[in-house]
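# Residue-level structure breakdown
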Amino acid sequence: MTDSVDGVRERAQRPEDLSRLVVERLNAGDVDGLVELYESDAVLALPDGVVATGIEEIRAAYARLVADRPVFQPGPQAPALQAGDLALTSSRLPGGTGATVEVARRQPDGSWRWILDQPNVLG
């Protein structure tokens, strides 16, 4: 867990933090940490056109993804578009091969988690 202090993972204090945290946790192979970035009923689009709904499906998708230990690079991130407790986040993929788009919601503790995640809206 690269972003933990005393065994507690960093929480996204701003919607923009989510993109950084997902890349850090992907590169660390931290499936539990990745799952913590999502609400329990979140939806994650997968590259093969399948949709993972809920924490268990998202956990299984990330476990498959990090199994081969790929290395992920962050792309340029757009400022979050925020309306109350909802935020739209997006990043360009490195090399200009696509873009991500996500919807995050502020949690009762003030942190942010994704509820919708489309990792490659153009692909």
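Use the structure listed above.
Here is a short report on the structure shown in this document. Nothing here was measured: the structure is a model prediction, and the numbers come from that model.

With twelve residues, helix α3 (residues 55–66) ought to run about 16 Å at 1.5 Å a step, and its terminal C-alpha atoms sit 16 Å apart, in line with that. Here α3 has its buried residues at Ile55, Ile58, Ala61, Tyr62 and Val66. One side of α3 carries all its buried residues, which in axial view fall inside an arc of 125 degrees. In α3, the exposed residues that point more than 90 degrees away from the buried face are Glu56 and Arg64.

At 3.6 residues per turn, the α-helix brings residues three or four places apart onto the same side. With twelve residues, helix α1 (residues 17–28) extends 17 Å between its outermost C-alpha atoms, agreeing within 8% with the 16 Å of an ideal straight helix rising 1.5 Å per residue. For α1, every residue scored as buried is listed here: Asp17, Leu18, Ser19, Leu21, Val22, Val23, Arg25 and Leu26. With its phi angle positive at about 70 degrees, Gly29 sits one or two positions after the end of α1.

The rules behind these values
- Residues numbered from 1 in each chain as written.
- Predicted model: local features only at pLDDT ≥ 70, side-chain atom pairs only at ≥ 80, totals over all residues.
- Heavy atoms only, no water.
- Helix = DSSP H or I, 4+ residues; strand = E, 2+ residues; numbered from the N terminus.
- Expected span 1.5 Å × (residues − 1).
- Buried < 20%, exposed > 50% of the residue type's maximum accessible area, 1.4 Å probe, protein only.
- Arc of directions from axis to C-beta.

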